[in-house]
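Structural overview for review
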Amino acid sequence: MKYMSSAGEYNVEKPGTLIARAARLAPELRRPFAAAVAVTFVATIIRLLGPLVIREGIDGGIVAGDRQTILLAAAVYIGLLGLQYIADGLSQWMVALVGERYLVRLRSVVFAKLMRLDAGFYSRSKSGVLVSRMTSDIESLQEFASDGAVMALSNTLTVVGVAVALGVVDWQMALAVFAVVAVLVGVSAVFQRQARRAYDQVRERIGRVLAMLQEGITGVRVVQAFTQEQAQASTFGRVNERYFEANMAAARAISWYFPVVAFLRVVALGSALAIGASRVMDGTMTIGTLVAFLLYLEWFFQPIINLSNVYNLLQSALAALAKLFGLMDEPVVIDDRPGAYDLTEPVVGAVELDAVSFSYDPGTLVLDGVSLKVGAGERLAIVGETGSGKSTIAKLIMRFYDPDAGRVTVDGDDLRDITERSRVDALALIPQDGFLFSGTLRENIAYSDSSASDESVWNVLRAMGIDDWVRSLPEGLDTEVRERGGRFSAGERQLVALARAFLFDPSIIVLDEATSNLDPETEVQVEGALRVLLAGRTSIVIAHRLRSAERSDRVVMIDAGRVIAVGTHTELVESSPRYRELVEVWQRGTK
Amino acid sequence: MVEDRSNLGDLRVGVALLLRVIMRYQGVVAISILGAMIWMAMILSIPYLVGTIIDLVVTRSGMSEVWPLLGLLLIAGSIQAVGISLRRFFGFKLSYRAEADLRNDIFTHIQRMAFSFHDVTSTGALMARASSDLSQLRLILAMTPITVANLVMFFVVTAVLIVIDPVLGLTASLMVPALLYTSGRFAGRVVGFSFDLQERLSQLSHVVEETVAGIEVVKSYGQEAHQQRRLDREAETIYDAAIGMAKQRAIHRPLFEIIPALGTVAVLAVGGIRVLDGAMTFGEFVAFMQYLAVMVLPLLITGWFFANLPRAAAAAARIDELLSTAPDIQEPDHPERLRSGPGEVRFNHVSFAYPDGTAVLSDVNLTIPGGTSVGLVGATGAGKSTIAHLIPRFYDVSSGSITIDGVDVRELSLDELRHEVSVVFQESYLFSASIAENIRVGDPMASDDSVRSAARLAKAHDFICGFPDGYETVVGERGSTLSGGQRQRVSLARGVVRDPRVLILDDATSSVDAIVEAEIQTALAQVMAGRTTVIIAHRTSTLALVDNVAFIEDGALVAFGPHDELLATVPRYAAVLAAQVIV
Ligand SMILES: Nc1ncnc2c1ncn2[C@@H]1O[C@H](COP(=O)(O)OP(=O)(O)OP(=O)(O)O)[C@@H](O)[C@H]1O
Ligand SMILES: Nc1ncnc2c1ncn2[C@@H]1O[C@H](COP(=O)(O)OP(=O)(O)OP(=O)(O)O)[C@@H](O)[C@H]1O
């Protein structure tokens with residue numbers, strides 16, 4: 001089985017391409033972004049002016065013994081701080097505005113893409129992984145936007161600015177410091193490689209932790225029924241421990257790197273002092289210059305350390321971007337082709353499968369040259385062993401998948417030529433387990449049309465004969481159905497899914513064992529309603545209870561992905577031994 | 001129940017949990033704090049050395065006196081590195097260890113919580129407890145040792161500064177309260193937004209989860225636009241919360257830099273004049289400047305710590321609430337052993353309502369003689385599954401009692417009870433694991449042979465062998481890569497692989513075709529022989545197979561007896577099934 005090959009990854013090694021692509025996503029934000037960068041730039045320059053003022057205060061004031069200058073320098077500095085406050089605040093604010101707006105866009109675009117992907121993609125991917133694209137991946141971008149971006153920007157500018165300032169103040173001392181920085185850069189490269197490997201592992205293992213956590217929650221009833229709580233917990237403990245170990249590997253990298261950086265910082269300080277001290281004693285340098293240099297030095301290393309910290313945020317932001325783009329690059333298999341047209345209204349509802357072959361996994365043919373015709377307004381039953389491919393036919397008619405060979409047509413038009421909008425309006429599928437969204441009963445029934453009036457909802461309920469049941473619920477239509485409809489019994493969930501489809505009012509309706517959990521009495525009642533509601537509509541019914549087959553205009557029997565018999569119920573009983581056997585067994589079961 | 005919302009009142013609970021965690025890892029915390037202290041001591045001695053060197057420079061004492069001090073500076077640098085390393089490593093160890101252990105606790109706890117809890121708690125909320133909430137906790141724990149050292153440092157530095165020069169010292173140390181006040185204020189302003197943000201993020205994730213889980217419904221009704229609107233709405237509210245937070249950041253964050261800078265100005269002005277007055281040396285002046293510079297980072301970290309503490313405490317409070325919610329189904333203190341017996345199941349005056357008040361069963365009296373089988377029949381929603389769920393104590397009865405061979409199920413250890421009662425659920429949930437592993441959930445000790453014979457019995461063996469990987473075929477989440485009938489048969493195999501005293505089949509063949517169903521029934525006859533079996537089914541063939549039928553209507557037992565008898569004597573029973581007879 002092809003499995004677990006979730007949303008493909010993008011190359012993280014090329015941050016440039018990633019960022020360029022990220023920028024293309026929201027061209028209208030480029031200008032505000034440039035403005036934000038400009039303001040950050042101004043803020044950084046103002047910050048860098050500070051030590052120069054202090055140097056003046058020391059050299060022109062303290063060393064020269066001039067009180068005036070000291071006070072003047074202090075006043076100027078305070079003025080600068082005022083400006084810095086405004087510029088810094090503005091920069092934070094502008095970067096956040098741009099960043100958060102960008103994220104709104106990104107969430108929307110990624111989600112839209114997610115919904116366009118086909119059923120095959122969904123069955124290949126773990127739902128937890130898909131959800132994490134929209135949550136943790138985008139959240140790590142958010143973290144970067146709110147904390148990292150300004151830091152990255154202003155610290156980079158600071159480092160560059162201070163490097164220039166150091167050179168201007170005294171190039172000899174600056175050279176000594178740069179030598180130390182060169183060592184630092186080398187050390188950082190080693191660290192980054194180690195850290196990247198560690199964080200890759202961390203990311204992979206957290207994925208497993210979350211996947212297992214999710215199954216531990218959704219499958220908890222099964223776990224308890226079979227008293228597997230401890231077994232589950234200990235398996236989880238192992239997966240969790242592996243995640244812990246990956247984290248500690250990262251921690252070890254950090255625990256040697258930052259001490260080394262701190263040490264190098266002291267080395268830089270020492271060399272500057274050694275050179276500075278002898279030069280001041282030589283008289284080739286003022287004491288104020290030395291002090292200013294030392295102040296700058298403080299400002300040189302801290303931003304480098306900050307950048308190292310930000311680098312981790314940046315790495316995970318880039319990794320997140322890479323995964324998001326990987327998802328964006330997934331091919332949309334089921335899509336309107338150029339020149340796709342609408343079905344001609346009114347839709348007559350003739351459905352045809354023409355020599356359709358299909359496989360989920362290459363090599364395992366599930367449908368093998370299936371041809372069948374459903375006339376407009378006809379009711380066709382599909383019967384066959386479990387796993388013979390009945391639901392697959394239903395999914396092809398809904399165009400959840402495209403056939404590998406052959407074609408599926410509605411009113412003579414290949415589904416692939418018809419616009420999605422028009423196809424969706426014409427068709428409805430009621431699947432084996434009707435999925436309910438958490439929310440009220442009303443929201444679920446009126447899912448296809450949230451503006452549907454209560455009256456039309458009640459009409460459907462009445463037609464199905466379940467209005468009394470809904471009325472008997474303490475909160476009626478406002479009953480919360482809970483996650484996956486957990487508030488209701490399995491049969492009740494099927495009733496809701498049926499009501500939802502009837503309200504939708506399609507021309508063609510596909511029922512895939514949509515009544516399997518109902519008691520016979522309710523089923524008959526629903527069948528009666530079906531007949532009224534489906535009058536004049538095309539319906540395709542998959543059911544193991546052959547009563548549905550008997551009531552159908554025609555029956556198709558599928559075996560191992562092939563059509564082995566077509567005809568009316570009576571015809572088939574006559575002509576097909578397989579069908580006769582099925583009917584006999586079934587009748588024995590119901591007598 | 002567990003919700004994503006928290007109020008400030010919970011913070012105390014959260015902090016208490018944090019303290020408990022810290023106490024649990026005392027050793028690691030201690031080493032990390034020790035490392036932080038070493039680091040701090042060195043950070044303080046470095047400016048002192050620099051100041052001394054500058055004094056030597058000013059007095060032109062010659063390089064020979066400077067070199068030894070530079071040597072000391074390097075030594076201090078090395079010791080500092082050791083301190084940082086200890087602080088970081090053990091800080092991480094504390095935080096990751098605590099995170100991993102708590103995650104295990106949460107997982108184990110979730111596994112123990114009863115059905116009633118899971119009925120009303122969303123998967124997303126539980127996921128958040130064990131992921132994002134824990135991350136909050138981890139971050140704050142990692143920062144705890146350094147914050148302790150920082151707080152000590154502020155006192156020491158203030159003292160040192162005041163000793164060097166009382167006037168200047170007091171002036172400079174004003175920035176400590178100023179900064180702490182600012183960060184406290186910032187924290188207070190931001191905490192509301194960050195709760196809000198957390199809440200909205202989880203709303204968004206809920207929308208995504210549902211869309212992914214229900215994608216087929218979304219697509220078949222063409223409701224992509226509807227889901228998109230829901231998501232965009234959530235994204236907008238996230239934007240609002242994030243921008244609200246950004247505003248506070250823009251107002252407060254720059255102050256974290258400005259306030260120390262103001263300290264520098266004060267030192268420049270006041271200190272400069274005092275140097276001119278001869279009240280302090282120039283070297284002392286430079287040392288002052290260095291001390292201020294050195295304190296900025298620790299102050300910022302401390303500010304960050306207190307800014308994030310409320311958020312982390314709120315997360316901790318949510319975790320604590322989850323961990324301290326006792327499961328509704330409790331082990332008895334002194335469990336009784338199940339007596340050896342045929343497996344008689346008896347309902348005595350059982351009434352039951354779901355915790356939300358939905359009354360389902362009223363005064364049900366039902367005796368299933370040991371070793372016999374009973375079919376439960378009733379309309380949709382009559383309460384059949386509910387009856388089945390009460391026997392293995394997935395829920396406790398509201399009144400009355402249920403006994404197995406004379407022992408109240410509430411007196412038995414859950415382990416023993418659920419070992420003896422095997423349930424095949426109506427919904428065939430499979431794990432994304434191999435088919436063999438899925439069957440072995442029923443009995444982890446089962447040999448390959450018994451796995452196969454269970455699969456044969458459930459008529460699953462043939463189709464499993466048809467897969468290229470056979471029993472090792474890995475199925476999708478919830479079994480999504482199998483057809484409905486295949487899924488149901490694997491789940492049936494899982495239920496029969498063990499050898500229980502009581503077997504419960506809840507509509508276990510609803511998705512299989514008539515022929516396979518008939519085959520399964522024949523096979524089941526062997527399993528049922530001499531075993532108490534409860535079958536929920538509507539198919540007459542199944543009902544003909546069971547010894548008795550219990551007919552449930554509106555939560556009450558209205559008839560009990562052999563199928564033929566009920567068919568003849570109870571018109572409603574015939575009505576519920578009749579549909580099938582009139583072909
Ligand atoms: N998403 C999938 N990926 C891979 N294989 C699949 C997938 N869905 C179904 N199959 C396989 O395709 C075959 C046909 O499945 P399908 O669901 O069409 O059967 P069915 O006739 O509807 O059966 P049932 O009566 O049990 O619902 C089965 O062997 C099944 O294992
Ligand atoms: N977790 C729950 N909380 C509240 N009410 C519930 C819950 N589960 C089921 N119910 C209600 O209890 C009643 C009985 O449900 P139950 O699942 O026992 O029915 P059932 O007879 O098995 O139906 P079906 O034949 O559809 O499976 C239903 O009306 C249902 O709405």
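Residues numbered from 1 in each chain as written. Chains lettered and ligands numbered in written order. Predicted model: local features only at pLDDT ≥ 70, side-chain atom pairs only at ≥ 80, totals over all residues. Heavy atoms only, no water.

As assigned here, chain A comprises domain 1 (15-328) and domain 2 (378-387 + 420-590). Here domain 1 of chain A and domain 2 of chain A have C-alpha centroids that lie 56 Å from each other. (Domains from an automatic or database assignment.)

Time to look at the site of ligand 1. Close to ligand 1 lie 23 residues, the nearest being S391(A), T392(A), Q432(A), G485(B) and Q486(B). Ligand 1 sits at a junction of chains, with neighbouring residues supplied by chains A and B. One nitrogen or oxygen atom from the main chain of G387(A) is found 2.8 Å from an oxygen atom belonging to ligand 1. K390(A) has a polar backbone atom sitting 2.7 Å from an oxygen atom of ligand 1. (Near = heavy atom within 4 Å. Polar contact = N/O pair within 3.5 Å; in protein donor to acceptor, adjacent residues only side chain to side chain.)

A few words on the confidence of the model for chain A. All names here are of chain A. Summarising the model, chain A shows a mean pLDDT of 85, and 97% of its residues fall at 70 or more. Within chain A, helix α16 (residues 520-534) has the poorest average pLDDT of any element, 78, and strand β1 (residues 351-359) the best, 94. Confidence over residues 1-10 falls short of pLDDT 50; this stretch has 40 contacts with residues more than four positions distant or in other chains. (pLDDT = per-residue confidence, 0-100. Helix = DSSP H or I, 4+ residues; strand = E, 2+ residues; numbered from the N terminus. Contact = heavy atoms within 4.5 Å.)

Moving on, we get to the interface of chain B and chain A. Reports of interface size often rely on the accessible area that becomes lost once the parts have come together. Contacts between the two partners involve 170 residues from chain B, matched on the other side by 162 residues from chain A. Both faces combined, the contact of chain B with chain A buries some 15100 Å², and carbon together with sulfur accounts for 65% of it. In terms of surface lost to chain A, no three residues of chain B exceed F107(B), Q111(B) and Y221(B), which account for 5% of the buried area on that side. Between the two partners, chain B and chain A, sit 8 salt bridges. (Buried area = accessible area lost by both parts, 1.4 Å probe. Salt bridge = Lys/Arg side-chain N within 4 Å of Asp/Glu carboxyl O.)

The full count for this structure, using the stated rule, is 50 salt bridges over all chains. Put simply, D478(A) and R442(A) hold a salt bridge, and the shortest N to O gap is 2.7 Å. Of the two residues, D478(A) sits in the loop between α14 (467-472) and α15 (490-504) while R442(A) sits in helix α12 (residues 441-445), which places them 36 residues apart along the sequence. In this structure, R572(B) and E553(B) form a salt bridge, with 2.5 Å as the shortest nitrogen-oxygen distance. Here R572(B) is found in helix α20 (residues 571-581), whereas its partner E553(B) is found in strand β9 (residues 548-553), with 19 residues between them in sequence. In this structure R572(B) comes out as partly exposed when scored by relative accessible area, which is 34%. One network of salt bridges, with partners in common, ties together R47(A), D88(A) and E257(B). (Buried < 20%, exposed > 50% of the residue type's maximum accessible area, 1.4 Å probe, protein only.)

Each strand in a sheet pairs with its neighbour through backbone hydrogen bonds, running either in the same direction (parallel) or in the opposite one (antiparallel). Residues and elements named next belong to chain A. The strand order across the open sheet formed by 4 strands is β2-β1-β4-β5, and the pairing between neighbours is antiparallel. Strand pairing shows two members of the sheet lacking a second neighbour, β2 (365-374) and β5 (413-414), which therefore form its edges. Across 2 bridges, the pairing between strand β4 (residues 405-410) and β5 is antiparallel. Directly across from V410, in β5, lies its bridge partner D413. (Pairing = 2+ DSSP bridges.)

A word on the confidence of the model for chain B. Residues and elements named next belong to chain B. Averaged over all residues, the pLDDT of chain B is 86; the fraction at 70 or higher stands at 97%. Note that pLDDT drops below 50 for residues 1-6; the model gives that stretch 17 contacts with residues more than four away or on any other chain. Taken together, the chains of this predicted complex give a pTM of 0.85 and an interface ipTM of 0.85.

This next bit is on the domain arrangement of chain B. Residues and elements named next belong to chain B. Segmenting chain B into domains produces domain 1 (5-323) and domain 2 (345-579). Between the C-alpha centres of domain 1 and domain 2 there is a distance of 55 Å. Between domain 1 and domain 2, the contact holds 4 residues from the first and 4 residues from the second. With both sides pooled, the region where domain 1 packs onto domain 2 buries about 360 Å², and carbon together with sulfur makes up 72% of that total. Looking only at domain 1, the three residues that lose the most surface to domain 2 are F115, S116 and D119, adding up to 94% of its buried area. Summed over the shared surface of domain 1 and domain 2, the result is 0 salt bridges. Inspection of the region where domain 1 meets domain 2 yields 1 residue pair in polar contact (both at pLDDT 80 or more). Residues belonging to the side of domain 1 that touches domain 2 are distributed by class as follows: 2 nonpolar, 1 polar and 1 charged. (Nonpolar A, V, L, I, M, F, W, Y, C, P; charged D, E, K, R; others polar.)

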